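# Observations on the model geometry
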Amino acid sequence: MYDKDHLEQVPTNLFIGGEWREADARFVVEDPATGHPLADVAEASANDAVAALDAAVEAQQSWAQTSPLVRADLLRAAYEQVVARTDEFAHLITAEMGKPLAEARGEVRYGAQFLRWFSEEAVRIAGRWSRSPEGNTRLLTMREPVGPTVMITPWNFPLAMATRKIAPAIAAGCTMVLKPAEQTPLTALAFAEVLRSVGLPPGVLNVVTTTRAAETVAPLLRDSRVRKLTFTGSTAVGKTLMAQASGQLLRLSMELGGNAPLLVFDDADLDRAVAGAMVAKMRNIGQACTAANRILVHESVADTFGTRFAEAMAAQRVGPGTEPGVEVGPMIDQRARHKVQRLVASAVDAGARVLTGGTSRPGPGYFFEPTVLTDVGDHAVVREELFGPVAPISVFGTDEEAVAMANDTEYGLASYLFSSNISRVIDVAEQLQFGMVGVNQGVVSNVAAPFGGIKHSGFGREGGAEGIDEYLSTKYVGIAP
């Protein structure tokens, strides 16, 4: 298994042109449950990144001409390998990211499903044939791979965020340079080895790990050979990357920050609402762009819901993700924990009440108690993306007020609502300004559905039938009779 005693099985060098290469420097990956080093990983330079792009460019033409069935079979083989090694990947994810093993296994299953889904989509890429309105020209459209793609993935779902981008790119016929997050590079490197082992041609996927992301990636975004950038991460970084990508007019997919509301109406099934809120808030220790950052509850059920929700949060067992029964692991690092502590303390100083939690746990590791706040007002704790195990509760009186409160954010990724009235569900879902709406459930992600947001949460979609479109261009051919 990929636990701390078996990390030597994981590649730690750069993956360029189908080979594992040394770098001139290395950096340390730590265990967030202890703060102790796990492994040291190759520190890519800008020259290494360009070498990775060289390999991707060299492989692009032959890879684009590979038959869809070959690409499909490679993805299916990778899917079977990942599923067979679920426990290995789960232990690795827990070691470098911190989430409990049960959640890590869930991520492996979810991440593997993108490989299976896009293996099936690879053979369904199609164009169309028609006649012009005048009848004197045949109109042919065909779909072609966009070309070499730069991918930047976050630390919170180190396998699933990689497979969600890599799988459709492989299916479409694009080559790639992947830069995983510096906190969690080991999972991406292990997955690259899986793809190599099942026969992915050299240069199709290249992986560069680094702590100097800006200086390493910038030369790629200035290179005319790159045709697409896909990024998952913060809105601030996304805006910077968009500006850098504008010089080459790169095709962009941006999955950025979130500030998801979760609405509980007066006719909601409270058992279901509490359970759904727990999942929506505490999945991945609250460190998810889809996390319910704002719990909005109708005034008639606010006290009951708040009490029950706080009891459920307080009952969560906190500890290292490898320990049996642990439900809440550590936050990713000290900086993340400090941000959450600062926001909670500031909210309390401004008049918020703590129903449970509210404090960091002493080290080792970066633990924070599951926390529920009420009387938060219009504080930064409901304005900023929390990215931690903190749930602020606010109260509304009417449906119109609930929708206005939910939409009062620059973000527009995920939202959730709980109601037993189907007319209300449809009406509210239509009015919510978010790319995804979960109804009577706390998880909205599904490989068969398009994942993405609007407003400052970005654009483009991953997953579903739409996911492969992000890696395809349309060519029109007019044929005279």
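Residues numbered from 1 in each chain as written. Predicted model: local features only at pLDDT ≥ 70, side-chain atom pairs only at ≥ 80, totals over all residues. Heavy atoms only, no water.

- Under an unreviewed UniProt entry, the name given to the chain is Succinate-semialdehyde dehydrogenase [NADP(+)] GabD, and the source organism is Nocardia africana.
- Quoted verbatim from the Sequence similarities (unreviewed entry) field of the UniProt record, the comment on the chain reads "Belongs to the aldehyde dehydrogenase family." (UniProt positions renumbered as here; feature names shortened; annotations may be inferred.)

## Overview of the overall build of the chain
- Of the regular secondary structure elements, the chain holds 13 helices and 20 strands.
- Taking 23 Å as the expected radius of gyration for a compact globule of 481 residues, we find that the chain reaches 23 Å, a close match to that expectation.
- Expressed along its principal axes, the backbone C-alpha trace of the chain runs to roughly 70 × 65 × 40 Å.
- The proportion of buried residues among the 481 residues of the chain is 56%.
- Nonlocal contacts in the chain, meaning residues at least 24 apart in sequence, comprise 73% of its contacts between residues at least 6 apart.
- For the chain, the accessible area works out to roughly 18400 Å², and carbon and sulfur atoms hold 51% of it.
- Taken together, the 43 basic and 56 acidic charged side chains of the chain have centroids lying 5 Å from each other. (Helix = DSSP H or I, 4+ residues; strand = E, 2+ residues; numbered from the N terminus. Rg over C-alpha atoms; globule rule 2.2 N^0.38 Å. Buried < 20%, exposed > 50% of the residue type's maximum accessible area, 1.4 Å probe, protein only. Contact = heavy atoms within 4.5 Å. Areas by Shrake-Rupley, 256 points an atom, 1.4 Å probe, with all protein chains shown as cover. Lys, Arg positive; Asp, Glu negative; His and termini not counted. Charge placed at Lys NZ, Arg CZ, Asp CG, Glu CD.)

## A few points about the packing of helix 2 (residues 68-84) against helix 6 (residues 185-197)
- Look at helix 2 against helix 6: their axes get within 9 Å of each other, and the N-to-C directions meet at 130°. Regarding the angle of helix 2 to helix 6, the classification is oblique. Both helix 2 and helix 6 take part in a crossing whose hand is right-handed. Mapping the contact onto sequence places A78, Q81 and V82 in helix 2 and F191, V194 and L195 in helix 6.
- Grouping the constituent residues of the contact of helix 2 with helix 6 by class yields 5 nonpolar, 1 polar and no charged. (Axes fitted to C-alpha atoms, helices over the stretch in contact; angles between N-to-C directions. Parallel < 35°, antiparallel > 145°, perpendicular 65-115°, else oblique. Left-handed = near helix turned anticlockwise from the far one by under 90°. Nonpolar A, V, L, I, M, F, W, Y, C, P; charged D, E, K, R; others polar.)

## A look at helix 10 (residues 302-314)
- Along its 13 residues, helix 10 runs 18 Å from first to last C-alpha, staying within 8% of the 18 Å computed at 1.5 Å per residue.
- Within the sequence span of helix 10, burial applies to A302, F305, G306, F309, A310 and M313. With its buried residues spanning 125° around the axis, helix 10 presents them on a single face. Across from the buried face of helix 10, at angles greater than 90 degrees, the exposed residues are D303 and E311.
- On its buried face, helix 10 is in contact with strand 12 (260-264), helix 9 (270-282), strand 13 (292-298), strand 14 (353-356), strand 15 (371-374) and strand 16 (390-396). (Expected span 1.5 Å × (residues − 1). Arc of directions from axis to C-beta.)

## Re the domain arrangement of the chain
- When cut into domains, the chain gives domain 1 (4-256 + 457-479) and domain 2 (260-439).
- A separation of 31 Å is found between the C-alpha centroids of domain 1 and domain 2.
- Counting residues at the interface gives 24 residues for domain 1, matched by 27 residues for domain 2.
- With both chains or domains summed, domain 1 and domain 2 bury close to 2000 Å², and 59% of this area falls on carbon and sulfur atoms.
- The interface formed by domain 1 and domain 2 includes 0 salt bridges.
- At the junction of domain 1 with domain 2, the criterion picks out 9 residue pairs in polar contact (both at pLDDT 80 or more).
- Taken together, the elements giving at least two residues each to the side of domain 1 that touches domain 2 come down to helix 3 (86-97) and helix 4 (101-121).
- Taken together, the residues of the side of domain 1 that touches domain 2 break down into 9 nonpolar, 9 polar and 6 charged. (Domains from an automatic or database assignment. Buried area = accessible area lost by both parts, 1.4 Å probe. Salt bridge = Lys/Arg side-chain N within 4 Å of Asp/Glu carboxyl O. Polar contact = N/O pair within 3.5 Å; in protein donor to acceptor, adjacent residues only side chain to side chain.)

## Some points on the sheet that holds strand 15
- Taken together, 7 strands build an open sheet; the order of strands is 14-15-16-13-12-17-18 and the sheet is mixed. With one partner strand each, in any of the chains shown, strand 14 and strand 18 (436-439) form the two edges of the open sheet. Direction aside, the axes of adjacent strands within the sheet are offset by 25° on average.
- In the sheet, strand 12 pairs with strand 13 via 5 bridges, with the strands oriented parallel. Within strand 13, the residue paired with P261 across the bridge is R294.
- Against the sheet, helix 12 (residues 399-407) engages strand 12, strand 13 and strand 16, with an angle of about 145° to strand 16. (Pairing = 2+ DSSP bridges.)

## Points about the sheet that holds strand 20 (residues 472-479)
- On the basis of which strands lie adjacent, the open sheet formed by 3 strands has the order 5-6-20 and antiparallel pairing. On the outer flanks of this sheet lie strand 5 (128-131) and strand 20, each paired with one strand and no other. Each adjacent strand pair in this sheet contributes to an overall mean axis angle of 20°, direction not counted.
- Here 4 bridges tie strand 5 to strand 6 (residues 138-145), and the two strands are oriented antiparallel to one another. Considered in strand 6, the bridge of W129 is made with L140.

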